[in-house]
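# Structure at a glance
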Amino acid sequence: MLVLLFVCTLQPAISQKKKEVQTVKGKVVRIIDGDTFELLVGRTPYRIRMNAIDAPERGQDYYQVSKQALSDQCFNKTMTVKLLKKDMYQRWLGDLYDAKGVYVNAWMVARGYAWQYKYSNDATLAAAQEAARKKHLGLWSQPSPQEPWTFRKVKRNGGAALQVH
């Protein structure tokens, strides 16, 4: 009986840990970079980091091209975002879709404007990145494009080159 009571009291806690995906629809009012933007839903602004992709950083090759591509695709347009969770910077991580249902995260990767994030196991993004790489699209037209996570690490280390072991 005690075990049953314990399990029953845990159930709400377990249920609360599994977050439901929230979908919002609004107008993109600001492009911050190639993977981050601001969505206005009614009067509420949402800062959104596109889930599972990583675009070039400021100061990196293709930064401006990537930012412009995202702007061309969604700035001042009504878009739908599946909000997944907040990151450590309190931005929402989300999957972005245009009015026709195009998955913009994959659109960015497929055209060589962003990488699939190194910790993502999304098969759609992996296939999009491989196709862009093979076709030498966007950032893949460079001889040795540097991933944003490597660029950030080098910058944190004061510009010192990373040693590969």
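Residues numbered from 1 in each chain as written. Predicted model: local features only at pLDDT ≥ 70, side-chain atom pairs only at ≥ 80, totals over all residues. Heavy atoms only, no water.

Looking now at helix α5 (residues 148-156). Taken together, the buried positions of α5 are Pro148, Trp149, Thr150, Phe151 and Val154. As for α5, its buried residues are in contact with β4 (53-54) and β7 (115-116). One or two steps after α5, the chain reaches Gly158, where phi turns positive at roughly 75°. (Buried < 20%, exposed > 50% of the residue type's maximum accessible area, 1.4 Å probe, protein only. Helix = DSSP H or I, 4+ residues; strand = E, 2+ residues; numbered from the N terminus. Contact = heavy atoms within 4.5 Å.)

Reading around the barrel, the five strands line up as β1-β2-β3-β6-β5 and close back on themselves, with mixed pairing between neighbours. Across the sheet, the mean angle from the axis of one strand to that of its neighbour is 55°, orientation sign disregarded. Of the strands in this sheet, β1 (22-33), β2 (36-41), β3 (44-50), β5 (78-86) and β6 (92-97) are in contact with helix α2 (residues 63-74), which crosses β1 at around 140°. (Pairing = 2+ DSSP bridges. Axes fitted to C-alpha atoms, helices over the stretch in contact; angles between N-to-C directions.)

In the case of a regular strand, side chains alternate between the two sheet surfaces. In this sheet, β5 lies alongside β1 in antiparallel orientation, the contact comprising six bridges. Of the residues in β5, the one forming a bridge with Lys27 is Thr78. Across five bridges, the pairing between β1 and β2 is antiparallel. From the neighbouring strand, Arg30 faces β2, where its bridge partner is Glu38. Counting the residues that bridge the hairpin from β1 to β2 gives two residues.

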